[in-house]
Structures are given as structure tokens and as C-alpha cells.
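What follows is each chain in one-letter form.
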Amino acid sequence: MTVGIPIRRLWPEPSTEPLDDATLTALYGRADQPRLRVNFVSSLDGAVTVDGYSAGLSGAPDKRVFGLLRMLCDALVVAAGTLRHEGYRAVRLSENRRAWRRANGLAAYPTLVVVSDSLDLDPAQAAFADAPVRPIVLTHSGAEPPPGLTDVVDLLRCGTGRVDLVAGLAELHRRGLTQVLCEGGPHLLGALTAADLVDELCLTVAPLLAGPGAGRITAGDASAPRHLPLRHVLAADDGVLMLRHARP
């Protein structure tokens, strides 16, 4: 079923026919090996936020793909700062998407994984308190949790002094969470890029000039460039472009 503003394929194999959810699901798909996929939205001039939030860049087509990517993943990874700033709620899916997951041998919901060096987290935040699946907080050996946090999350300690993302990702894989979706923020993307852990980037480009001030989708220390070939280009009828880049 096609929902809302139509999305069409520009490349490869251009098509004028709107893409239904089944076709979009097949285009993004699940890999037959562990994969870390990153999903971001930006303006034409590279801004990651408008008025401080990513919501100003996201419309109905982006939210549609956003939901499908969550349906496809085993674990949804987000940095603690993004979780707090964007006001994440519990990761829930529609009945149709839960049914798709069950039909494909998956748990009804993906597991939320929060990356935090400081453990400055509120256990009462809905992302934790109302979660349908007990979240994981990826942290390091020296971090002290606030009262009540371990009542609602499992702590996964990897690294000393700061989170070891390589070890953390390996531990998620060991737990069967092999299809990992990261929703940011920019510093986490920068760290994942530096560790050469990013297998795929899904980037929605909003038809908007945001002007100076906002940051890019990546931040942090400089690292070596990483080549990610283009895999498909989709366009929505509201002018939004959706790019998918992935390793061979």
C-alpha cells in the first residue's frame, strides 16, 4: 500500500510508478551479514537541524522511510545527547509492521540501544520507562548510573574511560542484534566513521536552504575519508531526495 505523498525511484531503473511499502521494504531490506546502517536528514546546504531540531527537515516521505528502517532493524542505536534533545519516546511500531517482523522471524520490536559515556540519563524518560523491549545502554567501565536507571535498562560496559564502539557493536552481534540502525547524533556518526563501522548511510535531503548556524550530520575528531558507493536515489513528490549509499 502507498501512503501519503508518493515516492518514486530515480536511479537505478527509473520508474514513474509510486513505490508501495512492500517495494520500499525490498529496496532497503535486511542484509545476510551484520550491518550498521545510519539514517539522517539534512538540508540542501548541509544543516542537520532547523531551529535546533531535526524535525524541521523531516516531512511525510522521510517519516515513512524512517518507520520502515526501524521495522527492518534488530537494534536502534542513538547517542544519549540526541535521545535527550530530541525527546525520544518508546520505540513502537504499527500492528502491520509488527506483523511483518513476526512473519520474518523477528521480535515484535527492535531493541533501543543508547550510547552514553556519562550515563546522564533519566530513567523516567518514556524511551526507557515505556519501552516494549528492555533497552540497552552502552557505556564504559567507569560510568556510574543514576538511581533507578538499572531498573529499566541493561548496562553494557565496553571500554575504559570512553565507550569502545567496536567492542560494543561486536557484543550486540553476539546477542543476535546484527542489523543495527543508528539515528545519530553527529558526534556518534563521527566516532563510528572514525572506527570504520559504517556500512550504509541513508540520507534524506530536504529541499530547503537552512542558512548558516546549524552543524553537519557528522562531528568530532577528523578521520580518514570512507568511500560509500551510491545504491539508489528516490524522490518524493514534495521535492525530497532519498539517497542510499552502502559498502559493496
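Structure's up top.
Fair warning: this is a prediction, and the values are worked out from it, not measured in the lab.

### Section: empty space enclosed by the protein
With the rule as written, the count across this model stands at four cavities of 30 Å³ or more. In this structure, the largest cavity occupies an estimated 90 Å³ of space. If you trace the largest cavity, you find it lined by Leu36, Val77, Val113, Val115, Leu138, Leu165, Gly168, Leu169, Leu172, Val180, Leu188 and Leu192. For the lining of the largest cavity, the elements supplying multiple residues, two or more each, are strand S4 (111-115), helix H7 (165-174) and helix H8 (186-194). Classifying every residue of the lining of the largest cavity gives eleven nonpolar, one polar and no charged.

### Description of the environment of Gly87
The residue Gly87 is located in the loop between helix H3 (80-85) and helix H4 (95-103) in this model. Along the backbone, Gly87 and Ala126 are 39 residues apart, and their C-alpha atoms lie at a distance of 8.7 Å.

### Some points on the nonpolar core
In globular proteins that are soluble, nonpolar side chains generally tend to be buried together. Formed by 33 residues in total, the largest nonpolar core has its most connected members in Tyr28, Leu83, Val114 and Leu121. Breaking this core down by element, the ones donating at least two residues are helix H1 (21-28), helix H2 (60-72), strand S3 (75-79), H3, S4, helix H5 (126-129) and strand S9 (230-236). When residues of this core are assigned to their parent elements, the largest contribution, five residues, is made by H2. Setting aside residues up to four positions removed in sequence, Leu83 forms contacts with Val78, Tyr88, Leu112, Val114, Leu121, Gln125, Ala127 and Phe128. Core analysis: the next-biggest nonpolar cluster, separate from the first, contains 31 residues, Leu172, Leu177, Leu192 and Leu203 among them.

What counts as what
- Residues numbered from 1 in each chain as written.
- Predicted model: local features only at pLDDT ≥ 70, side-chain atom pairs only at ≥ 80, totals over all residues.
- Heavy atoms only, no water.
- 1 Å grid on protein atoms, 1.4 Å probe; cavity = no way out; pocket = protein on both sides within 12 Å on 5 of 7 lines; lining within 4 Å.
- Points joined across faces, edges and corners; volume = space filled by probe spheres on them.
- Helix = DSSP H or I, 4+ residues; strand = E, 2+ residues; numbered from the N terminus.
- Nonpolar A, V, L, I, M, F, W, Y, C, P; charged D, E, K, R; others polar.
- Core = buried A, V, L, I, M, F, W, Y, C linked by side-chain atoms within 4.5 Å.
- Buried < 20%, exposed > 50% of the residue type's maximum accessible area, 1.4 Å probe, protein only.
- Contact = heavy atoms within 4.5 Å.

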